[in-house]
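So the chains spell out like this:
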Amino acid sequence: MTDPLRDTDGDEALRRVYEATGPYLSSLADRPVHDPDSLALLGQLWEPAAGGALPERGEGAAAALDRLLRVGTAAATHSAGPRFFHFIIGGTTPAALAADWTAALLDQNAAFRASSRLASEVETIALTWLRELFGLPATYGGALVTSATFANVTGLAAATHWWGERHGVDVAADGLAGLPRMPVLSGGYLHASDRKALQLLGHGRNAVEIHARDGAGRVDLVALDRRLAELAAPAVVIASAGEVDTGAFDPLADLADLAERHGAWLHVDGAFGIFAALSPRTAGLVAGMERADSIAGDGHKWLNVPYESGFAFLRDPSRLPVAFGMPGAAYLPGEGSALPTPGEGADYALLGPDSSRRARSLPIWATLAAYGRAGYRAMVERHLDLAQRLARRVDETPELERLAEVPLCIVCFRARPAGVGEAALDEVNRRLGAALLADGRVYAGTTVHDGRVALRPAIVNWRTTEADIDLLVDVVRELTAKVVAELG
């Protein structure tokens, strides 16, 4: 095969993907999350040419897809299934998956109105519906980005330009040279992606001053208030809406009060915690978020749409083209026209860090159109119930110990088997975490919470049921016993 124009089995390749889809998806409820024996298949991906080099002559679309499907459906980490509790990863709803195929089929560049009116308008609708889903004021606007990290980059970039203006500097034109270091303050729940965003923006990942009142990371409001008063200068406050070890929240309303009193920019990292807004049971956790200057969220977590899907909202969306405009190319639209126009979409390449952009709005639009506010509320509340079920199972199991309250969808706990001293518990739990990942029936990794090694399974997949929660506890108990026996 030498030219895609002469590849006569392209349609056959598409058919084979379609035919593999149903059996694979229906198997997720029963197959392990990870099968270590399947990793040997990865070598087959090097085989189209001798020695693993780039093939001179290809094998054709059907043969290539056969190989990829054979290896991929076996060796992939089956994180779309109901027992993947590691990190915070949702699955993909049926509507979102079908729309993602549609996005690949149409292959739109969602950069400008001129490149795709369809993609531009769908993104405008998707952002409007997300804003309404989370109860944000109608004045908020934003853009879709690739991840929560880039949503944090987007919000903190806008904050950087705001801060530069306060010092009389146009950061877009002249950069940060000559400016003092931008003050950034946070409680102890700060996520690594916020540090990475500051690193990418040139402030440095160590720019953040942490004001925590305990080892768990709860924010010290008194110390934060005092420090903002000492600075007496423009500053940025980062609040966490959903800490990744326990699902805990900073007091957003209190932080909004501080930011307003001291003239600071408030950025809320709500990667998954923003979905607390969907249920009356948890909406109080995000009270005050609607007063933030910028908000970061992630769709491939609790929204259950495919990777890569993040979103950023700004209270003043006119700051986005200031930070992300691309002047100097005559063939591109000007940043002054970038913001959404009713019925006409927007030039979203000028509102966020991506220039050439996939139409990632299509899965978001489709899943919200398919299931609506009520469907997502039901899913979130089911997950809240499952988290409480897991907490109860942990509390009822003598060899397990819960380490934190469960305000949302994460349960932080550790093994505490009888006869094992405190000094050895971290090693037991480290080995338990490694054993869980190697075993593969369920997937949950370790963290260090308040100085103690622990598990922190997160429940955000639309497929997860009570049976999956019970299996998690059973496997943890089984592997704990094995670890203790191995340690003697």
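Thresholds applied
- Residues numbered from 1 in each chain as written.
- Predicted model: local features only at pLDDT ≥ 70, side-chain atom pairs only at ≥ 80, totals over all residues.
- Heavy atoms only, no water.
- Axes fitted to C-alpha atoms, helices over the stretch in contact; angles between N-to-C directions.
- Helix = DSSP H or I, 4+ residues; strand = E, 2+ residues; numbered from the N terminus.
- Parallel < 35°, antiparallel > 145°, perpendicular 65-115°, else oblique.
- Left-handed = near helix turned anticlockwise from the far one by under 90°.
- Contact = heavy atoms within 4.5 Å.
- Expected span 1.5 Å × (residues − 1).
- Buried < 20%, exposed > 50% of the residue type's maximum accessible area, 1.4 Å probe, protein only.
- Arc of directions from axis to C-beta.
- Patch = residues over 30% accessible without salt bridge, like charges linked within 9 Å, V, L, I, M, F, W, Y side chains within 5 Å.
- Areas by Shrake-Rupley, 256 points an atom, 1.4 Å probe, with all protein chains shown as cover.
- Salt bridge = Lys/Arg side-chain N within 4 Å of Asp/Glu carboxyl O.
- Nonpolar A, V, L, I, M, F, W, Y, C, P; charged D, E, K, R; others polar.
- Pairing = 2+ DSSP bridges.
- Lys, Arg positive; Asp, Glu negative; His and termini not counted.
- 1 Å grid on protein atoms, 1.4 Å probe; cavity = no way out; pocket = protein on both sides within 12 Å on 5 of 7 lines; lining within 4 Å.
- Points joined across faces, edges and corners; volume = space filled by probe spheres on them.
- Phe/Tyr/Trp six-rings, centres within 6.5 Å; stacked < 30°, edge-to-face > 60°.

(A) Fine view of the packing of helix H4 (residues 117-133) against helix H12 (residues 361-396). Two numbers describe how H4 lies on H12: the axes approach to 9 Å, and their chain directions differ by 45°. What the angle tells us is that H4 and H12 run oblique. Crossing geometry of H4 relative to H12 is assigned as left-handed. Residue-level inspection shows Ala119, Val122, Glu123, Ile125, Ala126, Trp129, Leu130, Glu132 and Leu133 of H4 in contact with H12, the latter providing Ser361, Leu362, Ile364, Trp365, Leu368, Ala369 and Arg373.

(B) Inspection of helix H3 (residues 94-106) at higher detail. With 13 residues, H3 ought to run about 18 Å at 1.5 Å a step, and its terminal C-alpha atoms sit 18 Å apart, in line with that. Those residues of H3 that sit buried are Ala95, Ala96, Ala99, Asp100 and Ala103. All buried residues of H3 fall inside an arc of 135° around its axis, so they share one side. In the stretch just after H3, aspartate 107 is the one whose phi turns positive, near 50°.

(C) Structural context of a nonpolar patch on the surface. On the surface, Leu39, Leu42, Leu45, Trp46 and Leu68 cluster together to form a nonpolar patch covering roughly 500 Å² of accessible area. Tracing the sequence through the fold places leucine 68 in helix H2 (residues 61-75). Taking the relative accessible area as the measure of exposure, leucine 68 reaches 48% and is therefore partly exposed.

(D) Seen up close, helix H8 (residues 221-231). Residues of H8 that are buried: Ala223, Leu224 and Leu228. For H8, the buried positions fall inside an angular range of 135° around the axis, keeping them on one side. Those residues of H8 that are exposed and angled more than 90 degrees off the buried face are Val222 and Glu230. Turning to H8, the residues buried within the fold contact strand E2 (184-186), strand E4 (236-240) and helix H9 (252-262). Downstream of H8 by a residue or two, alanine 232 has a phi angle that is positive, lying close to 45°.

(E) Region of the structure containing the packing of helix H1 (residues 10-27) against H2. The contact between H1 and H2 brings their axes to 8 Å, and the two run at 20°. Our classification of the angle between H1 and H2 gives roughly parallel. Considering how the two elements wind past one another, H1 and H2 form a crossing that is right-handed. Residue-level contacts link Gly10, Glu12, Ala13, Arg16, Val17, Ala20 and Tyr24 of H1 to Ala61, Ala62, Leu65, Asp66, Leu69 and Thr73 of H2. Each residue belonging to the contact of H1 with H2 can be placed in one class, and the counts come to eight nonpolar, two polar and three charged.

(F) Structural view of the pairing of strand E6 (residues 294-298). In terms of residue burial, E6 counts as a mostly covered element, since five of its five residues are buried. Covered by surrounding structure in E6 are Ser294, Ala296 and Asp298 together with Ile295 and Gly297, the residues of both alternating faces. Bridge count between strand E5 (residues 265-269) and E6: three bridges; the pairing is parallel. Along E6, the bridge assignment pairs valine 268 with isoleucine 295. Bridging between E6 and strand E7 (residues 310-314) involves five bridges; their strand directions are antiparallel. The partner of isoleucine 295 across the bridge, within E7, is phenylalanine 313.

(G) Quick look at the side chain of aspartate 245. Checked against the element boundaries, aspartate 245 lands in the loop between E4 and H9. Although buried, aspartate 245 forms no salt bridge, and the nearest oppositely charged side chain, arginine 456, lies 4.3 Å from it. Residue contacts for aspartate 245: discarding those within four places in its chain leaves Ile410, Cys412, Thr447, Val448, His449 and Arg456.

(H) Representation of the layout of surface pockets. Its volume calculated, the largest pocket comes out at about 790 Å³. Residue lining of the largest pocket: 30 residues in total, with Thr21, Tyr24, Leu25, Leu97 and Trp101 positioned closest to the centre. Mapped by element, the contributors of at least two residues to the lining of the largest pocket are H1, H2 and H3. Residues that form the lining of the largest pocket fall into these classes: 17 nonpolar, 11 polar and two charged. Of the voids in this model, the second largest pocket is the one considered here, and its volume is about 390 Å³. Around the second largest pocket sit 20 residues that line it, and Ile88, His191, Val244, Asp298 and Lys301 are the ones nearest its centre. Only helix H5 (148-166) and helix H10 (299-303) provide two or more residues apiece to the lining of the second largest pocket. Residues belonging to the lining of the second largest pocket are distributed by class as follows: eight nonpolar, seven polar and five charged.

(I) Highlighting the packing of aromatic side chains. Within the structure shown, the criterion is met by seven aromatic pairs. Note on phenylalanine 134 and phenylalanine 275: the rings are 5.1 Å apart at their centroids and 90° apart in plane angle, and the pair reads as edge-to-face. Here phenylalanine 134, found in the loop between H4 and strand E1 (141-145), pairs with phenylalanine 275, found in the loop between E5 and E6; they are 141 residues apart in sequence, far enough to count as distant. Judged by relative accessible area, phenylalanine 134 falls into the buried class, the value being 4%. Judged by relative accessible area, phenylalanine 275 falls into the buried class, the value being 0%. Taking the centre distance of 5.6 Å and the plane angle of 50° together, the rings of tryptophan 162 and tryptophan 265 count as tilted. Placement of tryptophan 162 in helix H5 and of tryptophan 265 in strand E5 is noted, with a sequence separation of 103 residues between them. The pair formed by tryptophan 162 and tryptophan 265 is uniform in burial state, with each residue classed as buried. Ring-pair connections join several aromatic residues into one group, and the members of that group are Phe134, Phe275, Trp302, Phe311 and Phe313.

None of this, on its own, says anything about what the molecule does.
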